[in-house]
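What follows is each chain in one-letter form.
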Amino acid sequence: MENLEKLLEYQKIDIELRKVLDEIERSDDSKKLEQAKTEFNNAKATVTETEKAAESIISFYNNALAFMEECDKRTGELAEKMDKTEDIDEQRELAAQIEKIRDKLSELERKLSERSDRADKAIEAYRSGQERGKKMRAVYNNIKERLAQFKKEKEPKINELTKKLDAIKPSIPADVFEIYKALTSERKYPAFVPAIDAGDKKHFRCFCGIELSQKTQSELLDKGRCRCENCRRIIYK
Ligand SMILES: [Zn+2]
């Protein structure tokens with residue numbers, strides 16, 4: 001197989017680089033950072049929701065206030081009319097109208113006390129959401145800083161390995177390299193594996209354990225490489 005040594009050298013360095021990157025990705029802080037972010041967003045959503053609830057409560061109160069003022073005015077007018085009239089029927093009619101307004105007001109009063117409970121709850125949820133958000137932002141920033149520090153420490157190593165890889169890359173046939181990238185993007189490390197003697201010196205197995213078919217094995221013997229029919233790794237001899 002063409003430039004096999006270069007390929008294996010590339011793979012060796014690439015695996016080393018993968019380990020460093022994995023260390024960063026799998027570090028506890030990465031996970032904690034994600035968690036803090038999620039919790040912060042949840043708290044933010046609570047604040048937004050309760051703000052909306054508060055808006056609707058405030059507009060309800062304003063409407064109620066306007067209605068009460070209107071009732072007050074109307075009651076005053078009716079009472080005045082009642083004072084002026086001597087007609088018993090008209091007085092009765094006016095009293096009935098005042099009574100109706102009173103009923104409406106007491107209905108409103110009942111609704112207002114209900115809303116007051118809801119308002120208290122909304123305010124409480126808003127406060128606790130804000131507090132949680134603040135706390136989570138602090139946690140998030142703290143972890144982010146630590147993670148950045150950790151990445152910074154690893155940076156020289158990452159750069160060094162990347163440079164080495166870039167230097168070797170031109171020696172690898174483009175088609176082989178493409179397969180390598182496809183396999184490693186699925187985290188199939190190593191992607192290039194030596195054919196393993198199945199024990200009888202006649203048959204070969206892949207890294208994944210599967211024994212090569214007759215057809216694949218002839219390809220391996222012909223070209224010096226083949227693809228595993230199971231895991232798609234490149235097998236060399
Ligand atoms: Zn395989």
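Residues numbered from 1 in each chain as written. Predicted model: local features only at pLDDT ≥ 70, side-chain atom pairs only at ≥ 80, totals over all residues.

1. Describing the nonpolar core
So, point 1. If you look at the biggest cluster of nonpolar residues, it comprises six residues: Ala-195, Cys-206, Leu-212, Cys-226, Cys-228 and Ile-235.
So, point 2. Cys-226 has contacts with Thr-216, Glu-219, Leu-220 and Ile-235, leaving out every residue within four places of it along the chain. (Core = buried A, V, L, I, M, F, W, Y, C linked by C-beta atoms within 7 Å. Buried ≥ 20, exposed ≤ 12 C-beta atoms within 10 Å, placed from the backbone. Contact = placed C-beta atoms within 7 Å.)

2. Some details on unusual backbone geometry
So, point 1. Here the bond from Tyr-189 into Pro-190 is cis, since omega is -10°, no more than 30 degrees from zero.
So, point 2. With respect to the helices and strands, the residue Pro-190 is situated in the loop between α4 (174-185) and β1 (192-194).
So, point 3. One non-glycine residue, Arg-187, lies in the positive phi region at around 65°.
So, point 4. Note that Arg-187 resides in the loop between α4 and β1.
So, point 5. Arg-187 gets classed as exposed once you count the C-beta atoms within 10 Å, which come to 9. (Helix = DSSP H or I, 4+ residues; strand = E, 2+ residues; numbered from the N terminus.)

3. Concerning the confidence of the model for the chain
So, point 1. Confidence along the chain averages 91 in pLDDT terms, with 100% of residues attaining 70 or more.
So, point 2. Put simply, helix α2 (residues 28-84) is where the chain has its lowest mean pLDDT, 89, and β1 is where it has its highest, 95. (pLDDT = per-residue confidence, 0-100.)

4. Notes on helix α3 (residues 88-168)
So, point 1. The sharpest bend along α3 comes to roughly 40°, located at Lys-154, with the proline Pro-156 sitting one to four residues further on.
So, point 2. Residues of α3 that are buried sit in contact with α2. (Bend = angle between axes of the 7 residues up to and from the residue.)

5. A look at helix α1 (residues 4-26)
So, point 1. Its 23 residues give α1 an end-to-end C-alpha distance of 32 Å, which sits within 8% of 33 Å, the value for a rise of 1.5 Å per residue.
So, point 2. Within the span of α1, buried status applies to Leu-7, Tyr-10, Gln-11 and Asp-14.
So, point 3. Lining the buried residues of α1 we find α3, α4 and β1. (Expected span 1.5 Å × (residues − 1).)

6. Details of the domain arrangement of the chain
By a widespread convention, an interface's size corresponds to the accessible area lost as its parts come together.
So, point 1. In terms of domains, the chain is made up of domain 1 (27-167) and domain 2 (179-236).
So, point 2. Measuring from the centre of the C-alpha atoms in domain 1 to the corresponding centre in domain 2 gives 62 Å. (Domains from an automatic or database assignment.)

7. Section: the sheet that holds strand β4 (residues 225-227)
So, point 1. Read from one edge of the open sheet, three strands run β1-β5-β4, paired in mixed fashion. Unpaired on one side and paired on the other, β1 and β4 mark the two borders of the sheet. On average, adjacent strands in this sheet sit at an angle of 30° to one another, irrespective of strand direction.
So, point 2. Looking at chain direction, β1 and strand β5 (residues 234-236) are connected through three bridges and run parallel. If you follow Val-193 over to β5, its bridge partner there is Ile-235. (Pairing = 2+ DSSP bridges. Axes fitted to C-alpha atoms, helices over the stretch in contact; angles between N-to-C directions.)

8. Considering the environment of Gly-129
So, point 1. On the secondary structure map, Gly-129 appears in helix α3.
So, point 2. C-alpha separation for the pair Gly-129 and Glu-93, spaced 36 residues apart in sequence, amounts to 53 Å.
So, point 3. Excluding residues that lie within four positions of it along the chain, Gly-129 makes contacts with Ala-43, Thr-46, Val-47 and Thr-50.

9. Here we look at the environment of Thr-85
So, point 1. Mapped onto the fold, Thr-85 is located in the loop between α2 and α3.
So, point 2. The contacts of Thr-85, once residues within four sequence positions are left out, are Glu-90 and Gln-91.

10. Details of the packing of α1 against α3
So, point 1. Relative orientation of the contacting elements α1 and α3 amounts to 165°, with a least axis distance of 10 Å. Here α3 runs roughly antiparallel to α1, going by the angle between their axes. Read as a crossing pair, α1 and α3 show a hand that is left-handed. Seen from α1, the contacting residues are Lys-6, Glu-9, Tyr-10, Ile-13, Asp-14, Glu-16, Leu-17, Val-20 and Ile-24; seen from α3, they are Phe-150, Lys-151, Lys-154, Lys-157, Ile-158, Leu-161, Thr-162, Lys-164, Leu-165 and Ile-168.
So, point 2. Partitioning the contact of α1 with α3 into residue classes produces 10 nonpolar, one polar and eight charged. (Parallel < 35°, antiparallel > 145°, perpendicular 65-115°, else oblique. Left-handed = near helix turned anticlockwise from the far one by under 90°. Nonpolar A, V, L, I, M, F, W, Y, C, P; charged D, E, K, R; others polar.)

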